[in-house]
Amino acid sequence: MEHRLLLRYGMALLGAATLIITVAGVASTGSAAPRRPCSPLAGVELPNTTIVSVSAVPATGPVPTHCAIQLYVTNPPARDRVNVAVWLPDKWNGRFQGTGGGGFVGGNPTTTPGPALQAGYAVAATDTGHTGGSGSFALNTDGTLNWQLIADNGYLGIHEMTVSAKALVRTFYAKFGFRSYFNGCSTGGRQGLMEAQRYPDDYDGIAAGSPAINWTKLHPSQLWGQLQMLLAGNPIPTCKLAAATQAAIKACDSFDGLTDGIVADWQHCRFDARSIVGTETTCGTITNGDAELINKMWDGPRGTDGTQLWYGLERDADLTALNNAAGPFAITLDWFRYFLKQDPAFDWRTLTYDQYLLLFQQSVLQYQAVIATDDPDLSAFRDSGGKVVFWHGTADQLIYFRGSVDYYQRVEAAMGGPSRTGKFARFFVAPGVTHCGGGAGAAPVDVLSAVVAWVEKGTAPDVLAGRRTDATGNVVLTRPICRYPLIATYTGSGPADDQKNFTCTRDRHR
């Protein structure tokens, strides 16, 4: 199929005055428009794919000259429509980059990826079969589940984007041997790891941040704190939640040997909210009831027999994002309304504890295969030569950091231990960093470049560069982002805001 595509594209190019045939393939002269004409791409034929438009886009500011292709993929007999955008820069670096989305948004095929194009990547994005951030796509008009759109969003849409985009890359540049990378955070991080789990040959390297893996446990868990406050009749004001977080940070800050507002030694931070009962805040005194609920938010959901169902937020994470008076997180509500109850009008406030536990179990059993993204067997990805780097901030206020720790530990167990796993998959911890960046800590900088170096040069990353910037973009803190389970430890001399004065060490409490 690939040879036929290239032949058809080459025949179309014969009418172009700038065509030069060389041993290496197609070369061309420069101009304001792409040196390779874009229009022949409109005639490319791919299975179940319709090319909607092909445009030659001149350089604008930092965005280089490129071809922009809009297409959609269907899966007969379903009437789905997975919209895909592909951008092909004139000055190509020989690499393809697939991109992801956030929440229920599969990606953004309507926005030009300027930085990636500027770096020379051929790029693709997809909406994974639906537009907007609502989870309502999961239901047909008659209230039944639309399993095709659920599959498109869960795993299939990104794969179809990848297949169609790589075919266009091969055709346009007349080159088969190029590297493919996936880059995403949050849902994008989940999508990247799902590719490694389901389609191990799609990408040579994957960079995944704050991944929304363990999806079927993640979203029921996000309702835990709200449900506990509802059942207790005690909606805790945000200033009390914030006070508890700050008290925990203060108590655990120095565990790594440095007091800097960052809980680097997260593994030993077990602050108990009962220690701040009686503390005065601007919204009242912290009570025993408040402390009990806050501890439950940190601990995570449990069954009636005390069995832990999933994790809670870390002590340095903002509790208010999931537990504020405005109600549950929107994505969480959509998961319950459209996927579990199949009722857009469902009122979460009618839930009992027992009903919640049943819905938690339903979530895991009903959607495990399609979207959980928790399979630790990455042997096919490993055997394909793939490399994956993923990271997570301890202060993530939306996605449970320990869920990523749990997943990586299971990968290590399935793949033969830390040493063997580290030959193709590495996990990094960013203390004090919130969801996909921000917070008191230093967030990883350009993880994708680390993946590229690993794939193309064999340089496996032991440390990721991390930095924090202020509101004006000035760098105010640099710090090494250490490979799990190491932590960044201050050497004892030099400025504490400079990464060169830190080393990655084993748990100092051992």
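As shown above, the structure is provided for reference.
Criteria and thresholds
- Residues numbered from 1 in each chain as written.
- Predicted model: local features only at pLDDT ≥ 70, side-chain atom pairs only at ≥ 80, totals over all residues.
- Heavy atoms only, no water.
- Helix = DSSP H or I, 4+ residues; strand = E, 2+ residues; numbered from the N terminus.
- Buried < 20%, exposed > 50% of the residue type's maximum accessible area, 1.4 Å probe, protein only.
- Contact = heavy atoms within 4.5 Å.
- Areas by Shrake-Rupley, 256 points an atom, 1.4 Å probe, with all protein chains shown as cover.
- Lys, Arg positive; Asp, Glu negative; His and termini not counted.
- Charge placed at Lys NZ, Arg CZ, Asp CG, Glu CD.
- Phe/Tyr/Trp six-rings, centres within 6.5 Å; stacked < 30°, edge-to-face > 60°.
- Lys NZ or Arg CZ within 6 Å of the ring centre and 35° of its normal.
- 1 Å grid on protein atoms, 1.4 Å probe; cavity = no way out; pocket = protein on both sides within 12 Å on 5 of 7 lines; lining within 4 Å.
- Points joined across faces, edges and corners; volume = space filled by probe spheres on them.
- Nonpolar A, V, L, I, M, F, W, Y, C, P; charged D, E, K, R; others polar.
- Pairing = 2+ DSSP bridges.
- Axes fitted to C-alpha atoms, helices over the stretch in contact; angles between N-to-C directions.

A.B. asks: Would you explain the overall build of the chain in this entry?
C.D. replies: Of the regular secondary structure elements, the chain holds 15 helices and 18 strands. Referenced to the eigenvectors of the C-alpha coordinate spread, the extents of the chain come out at roughly 80 × 65 × 45 Å. Looking at the chain as a whole, 55% of its 510 residues qualify as buried. Residue pairs in contact within the chain that sit at least 24 positions apart in sequence constitute 68% of those at least 6 positions apart. For the chain, the exposed surface amounts to about 20700 Å²; the carbon and sulfur share of it is 52%. When the 41 basic and 43 acidic side-chain charges of the chain are each reduced to a single mean position, those positions are 6 Å apart.

A.B. asks: What is the right way to look at the packing of aromatic side chains in this model?
C.D. replies: Two descriptors summarise a pair of aromatic rings, namely the distance from one centre to the other and the angle between the planes of the rings. Going through the model one piece at a time under the given rule, you end up with 27 aromatic pairs. Judged by centre distance (6.1 Å) and plane angle (70 degrees), the ring pair of tyrosine 356 and phenylalanine 360 falls under edge-to-face. In this pair, tyrosine 356 and phenylalanine 360 both sit in helix α11 (residues 353–371), four residues apart, roughly one turn of the helix. Given the relative accessible area of 5%, phenylalanine 360 is considered buried. Consider the rings of phenylalanine 427 and tyrosine 484, whose centres lie 5.8 Å apart with planes at 45 degrees: the pair is tilted. Here tyrosine 484 lies in the loop between β16 (475–483) and β17 (487–490) and phenylalanine 427 lies in strand β13 (residues 425–430), a separation of 57 residues in the sequence. Taken as a pair, phenylalanine 427 and tyrosine 484 share a single burial class, namely buried. The structure contains a cluster of three or more aromatic residues connected by ring pairs, namely Phe104, Phe137, Trp147, Trp215, Trp335, Phe339 and Tyr367. Across from the ring centre of tyrosine 155, 3.6 Å away, lies the NZ or CZ of arginine 198, which sits over that ring. Its end group placed over the ring of tryptophan 454, arginine 426 keeps NZ or CZ at 5.5 Å from the ring centre.

A.B. asks: Hey, could you run me through the side chain of threonine 332 in this one?
C.D. replies: For threonine 332, the location among the structural elements is in helix α10 (residues 330–340). The class for threonine 332 is buried, based on a relative accessible area of 0%. Leave out the neighbours within four places in its chain, and threonine 332 touches His219, Gln222 and Leu223.

A.B. asks: Would you take a moment to explain empty space enclosed by the protein for this structure?
C.D. replies: The probe, sized like a water molecule, is rolled over the atoms to show the empty space still left. For the coordinates displayed, the defined rule picks out seven cavities of 30 Å³ or more. Approximately 90 Å³ is the volume attributed to the largest cavity. Contributing to the lining of the largest cavity are 13 residues, with Ser221, Gly225, Met297, Asn323 and Tyr400 lying nearest its centre. Listing elements by their share of the lining of the largest cavity, those giving two or more residues are α6 (224–232) and α9 (320–323). Of the residues that constitute the lining of the largest cavity, the class distribution is seven nonpolar, six polar and no charged. Considering the residues around the second largest cavity, the lining is formed by Ile262, Ala264, Pro431, Ala442, Arg479, Pro480, Ile481 and Ala488. By residue number, the principal contributor to the lining of the second largest cavity is β16, which donates three residues.

A.B. asks: Where do I start with the environment of alanine 453 in this structure?
C.D. replies: Checked against the element boundaries, alanine 453 lands in helix α15 (residues 447–457). Sequence separation of alanine 453 and arginine 198 is 255 residues, and the distance between their C-alpha atoms is 24 Å. In this structure, alanine 453 is in contact with Gly458 and Thr459, ignoring residues within four places of it in sequence.

A.B. asks: So what exactly am I meant to see when it comes to the sheet that holds strand β15 (residues 463–469) here?
C.D. replies: In a beta sheet, neighbouring strands pair by backbone hydrogen bonds and run either parallel or antiparallel. Taken in spatial order, the twelve strands line up as β3-β4-β5-β7-β6-β8-β9-β12-β13-β16-β15-β14 in an open sheet, and their pairing is mixed. Of all the strands in the sheet, just β3 (49–57) and β14 (443–444) have a single pairing partner and so form its edges. Where strand β4 (residues 66–73) meets strand β5 (residues 82–89), eight bridges bridge the pair, whose relative direction is antiparallel. Considered in β5, the bridge of isoleucine 69 is made with valine 86. Helix-sheet contacts for helix α13 (residues 401–414) involve β12 (387–393) and β13, and the interaxial angle to β13 is about 155 degrees.

A.B. asks: I would appreciate a short explanation of α10 in the present structure.
C.D. replies: Because an α-helix packs 3.6 residues into every turn, residues spaced three or four apart end up facing the same way. Buried residues dominate α10, accounting for nine of its eleven residues. For α10, the complete set of buried residues consists of Ile331, Thr332, Leu333, Asp334, Trp335, Phe336, Tyr338, Phe339 and Leu340. Lining the buried residues of α10 we find α3 (147–173), α5 (215–221) and α11. Where α10 terminates, the next one or two residues include glutamine 342, which has phi positive at roughly 55 degrees.

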